[in-house]
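If you want the building blocks of each chain, they are given just below.
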Amino acid sequence: MKHHPTTFKTSEILELLWAYQGVIGIRPFSEGNREFLDVLFGASRKLAVALKRTPIPQNINRNDIATLIGLIDEQAVTNHTQISPRILDLVDKLKERLSEADSKPTIQGSLSELSTDYSRITAIFGPASGLGDQITFFQFFSALKNHCPDAEIIVYSLYPDIWKKLIPGVKEIEFRGEPMRPFEDMAKVTSEEEYQQSELVFYADFESFDLHKKLVPPKPNRDVLELAMGRWKVSMNEQNSPWYKVKVFNALTYRNNYSYVDALSGDLLGVKLHNALWKPVVDYQNNTDTKSTFKVFLNTFSSKELPYTPEHWAQLVLEIKKKAPRGVVLELIVFPGLDKLTQDYVAGILKHMKTYNPEMQAKVLAHPDGSEVNPQNAIDAILSQVADFDCCITLDTFTAHLLPLFGLPTFVIAYKENYEFWVPSPWTFYVTLKTVESHLPELMGNVIQTMRKVQPGNEAMQKVVAAGEYAKADCFDENAVQNIVGTLNSLLQNIDKEFPYLWQARQWLFKWSQLAAADRSDPVDSGGLYPFLFAWTSSEFYKLLYLLCSTKKEKKKSAKARKAPQRSSV
Amino acid sequence: MDLSEHTLIELTDVVMRFKHCVEMGDVGTLHSLLVSDSQLNLNGRFLSREEFLERAETWVQEYQRPNLRFDSIEDCEVNDSKGFISQTVQANWIDTESWEENTKHGLITFELIKPDPMEPWKVTGLTIAAVPSSIMQVLGMGKGQNFGFLPTQLSSVEGEGDVYRFKV
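Residues numbered from 1 in each chain as written. Chains lettered and ligands numbered in written order. Predicted model: local features only at pLDDT ≥ 70, side-chain atom pairs only at ≥ 80, totals over all residues. Heavy atoms only, no water.

## A short note on the pattern of salt bridges
Pairing is possible between side chains that carry opposite charge, provided their charged atoms lie close to one another. Residues and elements named next belong to chain A. According to the stated counting rule, one finds 27 salt bridges over all chains in the structure shown. As a salt-bridge pair, Glu-199 and Lys-219 come within 3.2 Å of each other at their nearest N and O atoms. Of the two residues, Glu-199 sits in strand β5 (residues 199–205) while Lys-219 sits in the loop between α10 (211–214) and β6 (222–228), which places them 20 residues apart along the sequence. In this structure, a network of salt bridges that share partners links the residues Glu-178, Arg-181, Asp-185 and Lys-188. (Salt bridge = Lys/Arg side-chain N within 4 Å of Asp/Glu carboxyl O. Helix = DSSP H or I, 4+ residues; strand = E, 2+ residues; numbered from the N terminus.)

Okay, here's the thing in structure tokens:
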């Protein structure tokens, strides 16, 4: 049995430092995630301490290491964008001196399907992945758990308490302030049995850092994956194979991160999540009735520069209220963020709300145990109350990815049309900064109206939704296209002429019949038509029909169904 | 497959052939699409097939780069031998005299028959109705309006989005 040394080499520490400083230097940080910026500073300082303690290679100048440590100590919120490039330049220079030829060649090519017999799966989510990016991997992670039902699963995350909620039974280790912890733990081998244990390690991040080559210690039965969402890339080494294999998914059906995750599941697990791309933990079920208040969960923060003042939000809510159906009482629950700055910002929103909407109920989200929201309990605070919310408005991508998984209709304000990040959920609606004013109040009015309908969609509506969902989930062939044309045509013959976004349906009836006519005269592979299916099922008209056709359940039952899974004991 | 969607797809194909004739200036094929006693209405004026085709010849001479963009099906009624389909359209062309590019929005409605299952569809009625520009102005006013109380973009964020990548 061989023991990997637990003392990290300077080159390994520099690799990690490069990753953390890259995030600090390149990722935008506003008030919305100042707290996470502190986490990254803390990790860098821990790496600086490790550099001080580790043996320094002969070809490295000790003064360079001292300069590096000095820069890390100096780094703060006020200067991080200036200091980080200097650190990265110095780390680059040092890495160059330490560069060793890769011990194994890397080849581009197809990947092997993963074993179903792993005794352990270790997942590490790196610092470049935002919480929203992490949640995007849920679809793959969930399929992986089904692929290896007997494996013990350990997850290392910088965001506390997320994976236990999404995948009950996993052991979750928060490694804030301990950047080397996952790699230290993997290097510890206490018995021959553990050394021979069949194991999968996957390192998932937004960027590709090649840490699978540089920091994951090799073992005879250890398969290692590195997933880089921002590059739609996967790297792999199986059972200490002499090759590193890499594949970049350039030709995805939809240019969307969920499509990348779907492709991963196809290649590595042999299961497509199908063209639905996205599956919730809990399905949407209508839980409002005509008497209840309509509870809106609002998250106004983002890692990027905040576009609005607290007063803007109060004005926007007023416009939404104007478009809400008559008799609907909106109640606002506002996410306070994780920093003093964000708490002050939210206090400003509530103050302006009193001016613009004196009668509107609005409060700050608190944990059900009465404590204020903090980094440790934020996910629990949100998910333990998700069943009580009727919808969410969010600027932040983490709630955009998280809350639809629990069946909550979510309105996302995107900074721009960066479709690759958009959640392909039937109950997630997008507007951009340019269209918020003109679209969001009306859209929300229409959705609230739809959610409050007691009668579900009629048969013709249900057939349109069934045709779309059939094509997404099972089989998208010529018959599926004709089925969409036929059901949509029948619906439009008798639909209420005031039905919202009817113009979209009329456009799509033409588009689908044009596609069917074209396919008849010059048949094409149905894969080429998937982007049209994606666009159709992403239209507001289709989504409203979908909600309407899901309006079947009684309030109590559905509220219970939407409740987040309980904290699992590990 | 239901007969109606089969027919609707065929009607769409006729519409696309009509579009092709207009865009290619192919008056001969346009002639073959219309039955001899077809009812043709251009912005309220009834025209015979010959009058309509004569006008079409003139348009071909006077207008360059005509383009019809069909947007949506406003109405349709189909069975195995008769069809009615009404579509919104945006027409663009370059006027060779003024050398300006023009755009008009309108509705084009086809009435069609298929006397025999083996024969192609024929146009028995065609209505081309442009939306008057005064109405377009009214329609445009209330749609997608910003009241200006929110900023719509940020100079520091525009162009960055969520995509950030490192030098590697």
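Now that the structure has been shown, we can carry on.
## So, the packing of aromatic side chains
When we look at a pair of aromatic rings, we describe it by the centre distance and by the angle of the planes. All names here are of chain A. Inspection of every chain in the model, using the stated rule, returns 35 aromatic pairs over all chains. Each ring, one from Tyr-156 and one from Phe-175, has its centre 6.3 Å from the other, and the planes form 80°; the classification is edge-to-face. Of this pair, Tyr-156 sits in strand β3 (residues 152–157) while Phe-175 sits in the loop between β4 (171–174) and α8 (181–187); the two residues are 19 residues apart in sequence, bridging distant segments of the chain. Like Phe-175, Tyr-156 is buried. With a centroid separation of 5.4 Å and 55° between ring planes, the pair formed by Phe-301 and Tyr-345 is classed as tilted. Of this pair, Phe-301 sits in the loop between β9 (294–299) and α12 (310–323) while Tyr-345 sits in helix α13 (residues 340–356), and the two are 44 residues apart along the sequence. On the basis of relative accessible area, Phe-301 is assigned to the buried category, the value being 1%. Given the relative accessible area of 13%, Tyr-345 is considered buried. Taken together through their ring pairs, the aromatic side chains of Phe-125, Phe-137, Phe-140, Phe-141, Trp-163, Phe-202, Phe-249 and Tyr-260 make up a single cluster. Stacked on the ring of Trp-18, the Lys or Arg Lys-95 has its end atom at 4.3 Å from the ring centre. The cationic tip of Lys-543 hangs over the ring face of Phe-429; the distance from NZ or CZ to the ring centre is 5.6 Å. (Phe/Tyr/Trp six-rings, centres within 6.5 Å; stacked < 30°, edge-to-face > 60°. Buried < 20%, exposed > 50% of the residue type's maximum accessible area, 1.4 Å probe, protein only. Lys NZ or Arg CZ within 6 Å of the ring centre and 35° of its normal.)

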